[in-house]
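A structural walkthrough
Residue strings, one per chain:
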Amino acid sequence: MTFRQALAVLESRQETRAKSGLSGMLACLRRLGAPHLKVPVLHVAGTNGKGSTCAILESVLRAAGWRTGLFTSPHLVDFRERIRVDGRWADASWLEATLERIAGLPGGHDHTFFEVATALGFAWLAEQRVEWGVIEVGLGGRLDCTNVVDPAVCVITTIGLDHTEILGGTVEAIAAEKAGIVKPGVPVIAADAAGPAGLVLRAVA
């Protein structure tokens, strides 16, 4: 099976295999050597602007001379857009080999599309020994696959009503899910410093 064929299989089941925890993600990463813990990370959540924020942060770090990694979603044309080092897409042959490796691990066929995509992202950034990784949350924050990192900084962009069927029907409920990326002792930069969302973020912090 080619890389594109394997991705197509994963994508076909992403909507039907929802999970409500991070145990599967963590198990996969442990079997890959815990790449998510080998790269200093800026972790970015939010409703609006998180993709732009990630792009700006990565650009600034790269311009300052750091070797950068970027993981975002979704992609527009090619899956490799999601995973970049110094602005360049991940190597296709490496992705294909690593995807096969993940499939061959215990429980490898039980992972969701986003779990596999995230594992590939962390693995490539660690493989390339990036000095800073900018990681965009996929959905929410608390239970998002990316929320396994030990970040240097957490960023939460503006918060609004999004994915209410999953995250909750109020700004406060959604803010609580986004605030799930906050870690003890880690600085948090938040766009919504006031208002209902800001109150939730401050309380969590």
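Preceding block: the structure.
Here is what the cut-offs are and how they apply
- Residues numbered from 1 in each chain as written.
- Predicted model: local features only at pLDDT ≥ 70, side-chain atom pairs only at ≥ 80, totals over all residues.
- Heavy atoms only, no water.
- Salt bridge = Lys/Arg side-chain N within 4 Å of Asp/Glu carboxyl O.
- Helix = DSSP H or I, 4+ residues; strand = E, 2+ residues; numbered from the N terminus.
- Buried < 20%, exposed > 50% of the residue type's maximum accessible area, 1.4 Å probe, protein only.
- Contact = heavy atoms within 4.5 Å.
- Core = buried A, V, L, I, M, F, W, Y, C linked by side-chain atoms within 4.5 Å.

One pass over the structure, following the stated rule, counts four salt bridges. Here Glu-58 and Arg-62 are joined by a salt bridge, their closest N and O atoms 2.7 Å apart. Here the residue Glu-58 and the residue Arg-62 both occupy positions in helix H3 (residues 50–63), the gap between them amounting to four residues, near one helical turn. Note on Arg-62: relative accessible area 35%, which makes it partly exposed. Ionic pairing is found between Arg-80 and Asp-78, a salt bridge with its closest N-O pair at 3.4 Å. The exposure class of Asp-78 is buried, given its relative accessible area of 10%.

Position of Trp-124 relative to the elements: it lies in helix H5 (residues 113–127). The exposure class assigned to Trp-124 is buried, which follows from its relative accessible area of 9%. Linking Trp-124 and Phe-71, residues 53 residues apart in sequence, is a C-alpha distance of 9.9 Å. With residues up to four places along the chain from it excluded, the contact list for Trp-124 reads Ile-83, Val-85, Ala-90, Asp-91 and Trp-94.

All right, on to the nonpolar core then. The nonpolar side chains of soluble globular proteins are, as a tendency, buried together. Counting residues in each nonpolar core, the largest one holds 37 residues, and the members touching the most others are Phe-79, Ile-83, Leu-95, Leu-120 and Leu-125. Only helix H1 (3–12), helix H2 (23–31), strand S3 (83–85), helix H4 (92–104) and H5 provide two or more residues apiece to this core. Here this core takes eleven residues from H5, the largest share from any one element. Excluding residues within four positions of it along the chain, Leu-120 makes contact with Phe-79, Ile-83, Trp-94, Leu-95, Thr-98, Leu-99 and Ile-102. With 15 residues, the next largest nonpolar core counts Ile-156, Ile-159, Ala-179 and Ala-197 among its residues.

Function cannot be inferred from these measures alone, as they are strictly geometric.
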